[in-house]
Amino acid sequence: SGWVVRDNVFARIRAPAGHLAGPAVLFWRNSIGTVVERNLFLECDRAVALGLSAPDPALARDAETVYDHQGGIVRNNMVYRAAGAVTGDVGISVNHARNFRVVHNTVIQNGTFAWGAIEYRFASSDGRIRGNLTDAPIWQRDGARAEVEDNEVHPRSRGFVVVPDAVLHRRPGAVTVIDR
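Procedures and definitions
Residues numbered from 1 in each chain as written. Predicted model: local features only at pLDDT ≥ 70, side-chain atom pairs only at ≥ 80, totals over all residues. Heavy atoms only, no water. Helix = DSSP H or I, 4+ residues; strand = E, 2+ residues; numbered from the N terminus. Buried < 20%, exposed > 50% of the residue type's maximum accessible area, 1.4 Å probe, protein only. Contact = heavy atoms within 4.5 Å. Areas by Shrake-Rupley, 256 points an atom, 1.4 Å probe, with all protein chains shown as cover. Pairing = 2+ DSSP bridges. Axes fitted to C-alpha atoms, helices over the stretch in contact; angles between N-to-C directions. Phe/Tyr/Trp six-rings, centres within 6.5 Å; stacked < 30°, edge-to-face > 60°. Polar contact = N/O pair within 3.5 Å; in protein donor to acceptor, adjacent residues only side chain to side chain.

Q: Is there a simple way to explain the overall build of the chain in this structure?
A: Along the chain, the regular secondary structure elements total 0 helices and 21 strands. Counting only residues that meet the buried cut, the chain has 48% of its 180 residues in that class. Pairs at least 24 apart in sequence give 63% of the contacts found in the chain among residues at least 6 apart. Just so you have it, the chain exposes about 8,700 Å², and 50% of that area is on carbon and sulfur atoms.

Laid out in structure tokens, this is it:
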């Protein structure tokens, strides 16, 4: 309860070829009130997951049976994978998560996982996804619910130049994203 992960760099957290590493930052088993903010995730298979699997009352805090995470915030993070990198998975994921907020993140995966940059999954999940910039869809799965507002989805980083340190610069004449 109450963990904060802030101002870190997570780089190259990957599994061997043909496998998938767990999220660089994972809170589950009825974690409550976590904050993941202002982190940089470079070339990781998966960046952040609030909740992971169906709750197991034998392992979860307070023998929780509905939620794997409650009240988490994922905000102002940068997730980046270069084109041609070994494929990974979704950048930010919420699973069996109640009252989550995923706000103002940038997730650029350059086609390494086309299904989604941010996913919210399972019918028990309910929260808010707002003001994110991604190059793949925001992916609703398995009956999850969320207020999804003011996100900018630009396939394959259209409109941005990304330099090796994962700093985004707007291309001349590209779409304006200020105040959106």
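Structure shown, so let's carry the discussion forward.
Q: Would you take a moment to explain the sheet that holds strand E17 (residues 138–141) for this structure?
A: Backbone hydrogen bonds hold the strands of a sheet together, and the pairing may be parallel or antiparallel. Pairing is parallel in the open sheet, where 5 strands are placed in the order E3-E7-E11-E14-E17. Pairing within the sheet leaves two strands with one partner each, and these edge strands are strand E3 (25–27) and E17. Within this sheet the neighbouring strands show an average axis-to-axis angle of 10°, counted without direction.

Q: Can you help me understand the packing of aromatic side chains in this one?
A: Both the distance between ring centres and the angle between the ring planes are used here to describe each pair of aromatic rings. Within this structure, the stated rule accounts for 3 aromatic pairs. Consider the rings of phenylalanine 10 and phenylalanine 41, whose centres lie 4.9 Å apart with planes at 10°: the pair is stacked. Pair noted here: phenylalanine 10 is in strand E2 (residues 9–11) and phenylalanine 41 is in strand E6 (residues 40–42), with a separation of 31 residues, a long-range link. Note on accessibility: phenylalanine 10 and phenylalanine 41 belong to one class, buried.

Q: What's the story with the environment of aspartate 89 in this structure? I'm lost.
A: Note that aspartate 89 resides in the loop between strand E10 (78–80) and strand E11 (92–95). When its relative accessible area of 17% is taken as the criterion, aspartate 89 is described as buried. Sequence separation of aspartate 89 and leucine 20 is 69 residues, and the distance between their C-alpha atoms is 7.8 Å.

Q: Can you help me understand the sheet that holds E2 in this one?
A: Strands sit in the order E2-E6-E10-E13-E16-E19 across an open sheet of 6 strands; the sheet is parallel. Each edge of the open sheet is held by one strand with a lone partner, namely E2 and strand E19 (152–153). Of the strand pairs in this sheet, strand E16 (residues 133–134) and E19 are connected by 2 bridges, and their pairing is parallel. Residue pairing for E19: leucine 133 is matched across the bridge by glutamate 152.

Q: Help me understand the side chain of serine 124, please; the structure alone is not making it clear to me.
A: Mapped onto the fold, serine 124 is located in the loop between strand E14 (118–121) and strand E15 (126–130). Within the structure, serine 124 has its side chain in polar contact with the side chain of histidine 96 (distance 3.0 Å). Setting aside chain neighbours within four positions, we find serine 124 in contact with Val66, Tyr67, His96 and Ala97.

Q: Can you walk me through the pairing of E15 in this structure?
A: Two faces belong to every sheet, and in a regular strand the side chains alternate between them. Burial along E15 is one-sided: Gly127 and Ile129 are buried, and none of Asp126, Arg128 and Arg130, which face the opposite way, are. Inspection of the sheet shows strand E12 (residues 97–103) paired to E15 by 5 bridges, in the parallel sense. Paired with phenylalanine 100 across the bridge in E15 is glycine 127. With 5 bridges joining them, E15 and strand E18 (residues 145–149) adopt parallel strand pairing. Bridge pairing in E18 places glycine 127 opposite alanine 146.

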